[in-house]
Amino acid sequence: MMRSVFGESVQGASHIRNGRECQDSLKKVEKDENTVILAVADGHGSDSSPYSKTGSYVAVNVFCKILGDYLETYEGQPEFLLTFLKREGDTKVAQAIDAEWKRRILKIHANCKREVILDAEQNKDKEAIYKMYGSTLLGLVITDTFLFAFQLGDGDIVRVSGTGVQNVIEADKILGTETHSLSKPQSWKKAVTFVKREDENEPLPVMYMLSTDGMANSFKNDDEFKKTCEDYYTLLNEHGVKAVSGNLKTWLGETSELGCGDDITALFAYYVQSDVCLDHERKDCLG
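Residues numbered from 1 in each chain as written. Predicted model: local features only at pLDDT ≥ 70, side-chain atom pairs only at ≥ 80, totals over all residues. Heavy atoms only, no water.

Draft legend 1. Quick peek at the overall build of the protein. Summing up its helical and strand segments, the protein has seven helices and 10 strands in all. With respect to the principal axes defined by its C-alpha atoms, the protein has extents near 70 × 50 × 35 Å. Contacts in the protein between residues at least 24 apart in sequence constitute 73% of all its contacts with a sequence separation of at least 6. For the protein, the exposed area adds up to about 14,100 Å²; of that, 48% sits on carbon and sulfur atoms. Separation of charge centres in the protein, based on 34 positive and 46 negative side chains, amounts to 5 Å. (Helix = DSSP H or I, 4+ residues; strand = E, 2+ residues; numbered from the N terminus. Contact = heavy atoms within 4.5 Å. Areas by Shrake-Rupley, 256 points an atom, 1.4 Å probe, with all protein chains shown as cover. Lys, Arg positive; Asp, Glu negative; His and termini not counted. Charge placed at Lys NZ, Arg CZ, Asp CG, Glu CD.)

This is how it looks when you write it as structure tokens:
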């Protein structure tokens, strides 16, 4: 089995017009040939969250660091880690992510010498500071033994194969523009996780995609969004990773321009059989 991981964040069309920076972040850590950690985050970008780009950047780094630490702690013991994540993914793991994100945010806020907001008792108002950096978080760990998915807030984690498109996580959907956020008190309670043992006999190719809500919101309904996921899968199968990754930024920009105008981030992990070339443009791949 061969793997390719790639992604892009694009500034939303409306953000370009308004002179607002992209609030999304992404991160990938390829631990070894069998293990990869993926994370995508969407800073809120509202007037009450002026530093949410920093918040999303911290979020993806925290996810990759904490899950990377778990992988190292349980190195050589995948079954024990699988059991731990099943039992504690939405509690201890979510709590660790929540606490570390907030610890880093307070440190950054202090180091940048930004305004110290006080509450009614004249104590540092930590909740008000967290809100200034508000962000969602999507995370995925794929090993040869199991898959672990994490979601706090909006966005999508999908799996696409020859059998179609499936949501890896069915997350809590909030009507309107509100979303669950790392900035809220005890945000870990709103985290949704999913663990699945990998089937070594599962047919390939398989594509995983993490995307911020600017992607799905740019289509008129969920069916249209899933059709686009299938289109990416087909393009990878027919034209290879180089062609798709090379055009991804342009395609995401067009999706935002024709859709909701929000920032869009998409991060892919694509798996094929070892005897299939990931790059159809390479000369040694041509028949």
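Having put the structure on the table, let's press on.
Draft legend 2. Highlighting the side chain of Gln23. Summarising the element assignment, Gln23 is placed in the loop between helix H1 (13-18) and strand S2 (24-32). Residue classification places Gln23 among the buried residues on the basis of a relative accessible area of 5%. (Buried < 20%, exposed > 50% of the residue type's maximum accessible area, 1.4 Å probe, protein only.)

Draft legend 3. Examining the packing of aromatic side chains more closely. On inspection of all chains with the given rule, the structure shows 10 aromatic pairs. Centroid distance Tyr70 to Phe84: 5.1 Å. Interplanar angle 45 degrees. Geometry classified as tilted. With a gap of 14 residues between them, Tyr70 in helix H2 (residues 52-73) and Phe84 in helix H3 (residues 78-111) connect regions that are remote in the sequence. Summarising the aromatic geometry, the rings of Trp101 and Tyr130 are spaced 6.4 Å apart at their centres and angled 50 degrees between planes, so their arrangement reads as tilted. Residue Trp101 is located in helix H3, and its partner Tyr130 is located in helix H4 (residues 126-131); the two are separated by 29 residues in the primary sequence. For Trp101, a relative accessible area of 0% translates into the label buried. (Phe/Tyr/Trp six-rings, centres within 6.5 Å; stacked < 30°, edge-to-face > 60°.)

Draft legend 4. Looking closely at the side chain of His15. When you line up the elements, His15 lands in helix H1. Judged by relative accessible area, His15 falls into the buried class, the value being 10%.

Draft legend 5. Fine view of the sheet that holds strand S1 (residues 2-10). Spatially, the five strands line up as an open sheet ordered S1-S10-S9-S6-S7, and their pairing is antiparallel. Strands at the two margins of the open sheet, each flanked by one partner only, are S1 and strand S7 (164-167). Ignoring strand direction, the axes of neighbouring strands in this sheet form an average angle of 15 degrees. When strand S9 (residues 206-211) meets strand S10 (residues 264-272), the two strands line up antiparallel, connected through six bridges. Residue Val206 lies in a different strand from S10, and its bridge partner there is Tyr271. Each of S1, strand S6 (156-161), S7, S9 and S10 is contacted by helix H6 (residues 222-239), which is oriented at about 130 degrees to S9, the strand it contacts most. Packed on one face of the sheet, helix H7 (residues 241-258) meets S1 and S10 and runs near 25 degrees to S1. (Pairing = 2+ DSSP bridges. Axes fitted to C-alpha atoms, helices over the stretch in contact; angles between N-to-C directions.)

Draft legend 6. Representation of the packing of H2 against H3 in the model. Following both chains from N to C, one finds H2 and H3 inclined at 140 degrees, their axes separated by 9 Å at the closest point. Between H2 and H3, the interaxial angle falls into the category oblique. Seen along the crossing, H2 lies across H3 with a hand that is right-handed. Here Thr54, Gly55, Val58, Ala59, Asn61, Val62, Phe63, Lys65, Ile66, Leu67, Tyr70 and Leu71 of H2 come into contact with H3, specifically with Leu81, Phe84, Leu85, Lys92, Val93, Ala96, Ile97, Glu100, Trp101, Arg104, Ile105 and Ile108. By residue class, the composition of the contact of H2 with H3 is 17 nonpolar, three polar and four charged. (Parallel < 35°, antiparallel > 145°, perpendicular 65-115°, else oblique. Left-handed = near helix turned anticlockwise from the far one by under 90°. Nonpolar A, V, L, I, M, F, W, Y, C, P; charged D, E, K, R; others polar.)

Draft legend 7. Focus on a negative patch on the surface. Taken together, the side chains of Asp32, Glu33, Glu75 and Asp144 present a region of like negative charge at the surface. Along the polypeptide, Asp32 turns up in strand S2. Overall, Asp32 belongs to the partly exposed group, its relative accessible area being 40%. (Patch = residues over 30% accessible without salt bridge, like charges linked within 9 Å, V, L, I, M, F, W, Y side chains within 5 Å. Salt bridge = Lys/Arg side-chain N within 4 Å of Asp/Glu carboxyl O.)

Draft legend 8. Looking closely at the pattern of salt bridges. Applying the stated criterion across every chain, the model contains 15 salt bridges. Salt-bridge contacts for Glu198 lead to Lys196; the nearest nitrogen and oxygen are separated by 3.3 Å.

Draft legend 9. Here's a closer look at unusual backbone geometry. In this structure, Pro205 follows Leu204 across a cis peptide bond, with omega equal to 5 degrees. The residue Pro205 is located in the loop between strand S8 (192-197) and S9 in this model. Of note, the phi angle at Gln122 is positive, near 65 degrees, even though the residue is not glycine. Secondary-structure assignment places Gln122 in the loop between H3 and H4. The class of Gln122 is exposed, set by a relative accessible area of 55%. Phi is positive for Gln186, which is not a glycine, with a value near 45 degrees. Along the chain, Gln186 turns up in the loop between S7 and S8. The class of Gln186 is partly exposed, set by a relative accessible area of 45%.

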